[in-house]
Amino acid sequence: LEVLDPEQNARFSDHFLELEYDLSQVLFVTTANTLATVPEPLRDRMEIVRIPGYLEPEKVRIAERFLVPRQLRECALDPDAVEWPEAVTTAILRGWTREAGVRELERRIGRVALKLARQRAEAREAAEAARAAAGAGERRRRPRLPRLVVRAADLPALLGPPPFETDAATLEDKVGV
């Protein structure tokens, strides 16, 4: 508040360096995800510019085109070997994220991809052990594993219980909602 006060910012004193600065011609730019945590006296001195985030359909498209393939590749999974329906991304958006951007969405997709990679590794290990037990003299070849399928119903097991509940009021188009 002292920095933004026009009466005090011409002779702002830095307590660490113990120097005075003239901040009267300085433009301060800050960001916040929510205004609820910004104190009212500070909000009164600010010009607030709201920049909207993505809509849900836009987030789904971003996830399909970029986030899901990138996270699967980072976990050493072939994106073509994983079936990831749009309903899964929509369920993650509604139950596990509440943000204007897609950072948390990407983190959640990454957690699912890690668990899929672990399942794939465990399945490969089990298939190789079964082959070794069945015939020790056979030629060693990597077992062909079935395509991985992610379902929205699997998400609580993969991500834990959803921290956000989508109620009917937020899904219905009404005046004021």
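Below you will find a few notes about this structure. Each chain has its residues counted from 1, running along the sequence as written. Owing to the predicted nature of the model, reporting of local features is limited to residues with pLDDT of at least 70; listing and counting of side-chain atom pairs is limited to 80 or more, with chain, interface and lining totals taken over all residues. Hydrogens are left out, water is left out, and the side-chain values use all remaining heavy atoms of the structure.

This next bit is on the overall build of the chain. Helix and strand counts for the chain come out as six helices and four strands. Starting at the N terminus, the α and β elements of the chain follow one another as β-β-α-α-β-α-α-β-α-α. Taken over the C-alpha trace, the chain has a radius of gyration of 26 Å; the compact-globule value for 177 residues is 16 Å, which it surpasses by more than 25%. Its C-alpha atoms give the chain principal-axis dimensions of about 85 × 50 × 25 Å. Sorting the 177 residues of the chain into buried and exposed places 26% on the buried side. A run of H or I in DSSP becomes a helix once it reaches four residues, and a run of E becomes a strand once it reaches two; helices and strands are each numbered from the N terminus. Radius of gyration here is computed from C-alpha atoms only, and the compact-globule reference equals 2.2 Å multiplied by the residue count raised to the power 0.38. Each residue gets one of three labels from its accessible area relative to the maximum for its type: buried under 20%, exposed over 50%, partly exposed in between, using a 1.4 Å probe on protein chains only.

Attention shifts here to the packing of helix H2 (residues 56-74) against helix H4 (residues 103-134). Note on method: axes are straight lines fitted to C-alpha atoms, helices fitted across the in-contact stretch only, with angles between N-to-C directions ranging 0 to 180 degrees. At a closest axis distance of 10 Å, the pairing of H2 and H4 adopts a crossing angle of 40°. By the angle between their axes, H2 is oblique relative to H4. Where H2 crosses over H4, the two elements pack in a sense that is right-handed. Touching Lys59, Ala63, Leu67, Val68, Arg70, Gln71 and Leu72 of H2 are Leu105, Glu106, Ile109, Gly110, Ala113 and Leu116, all from H4. Across the contact of H2 with H4, the residue classes break down as eight nonpolar, two polar and three charged. For this classification, under 35 degrees means roughly parallel, over 145 means roughly antiparallel, 65 to 115 means roughly perpendicular, and everything else is oblique. Each crossing gets its handedness from the near helix: less than a right angle anticlockwise from the far helix is left-handed, clockwise is right-handed. In what follows, a contact means two residues having at least one pair of non-hydrogen atoms within 4.5 Å. Each residue receives one of three labels: charged for Asp, Glu, Lys and Arg, nonpolar for Ala, Val, Leu, Ile, Met, Phe, Trp, Tyr, Cys and Pro, and polar for the others, Gly being one of them.

How two helices pack is summed up by the angle between their axes together with the distance between the axes. Contact pair helix H3 (residues 86-96) / H4: the axes reach a minimum separation of 10 Å and the direction vectors enclose 120°. For the element pair H3 and H4, the recorded crossing hand is right-handed. Between H3 and H4, the residues in contact are Thr89, Ile92, Leu93 and Trp96 and Glu104, Leu105, Arg108 and Ile109, respectively. Of the residues contributing to the contact of H3 with H4, the split by class is five nonpolar, one polar and two charged.

These figures come from the coordinates and say nothing about function on their own.
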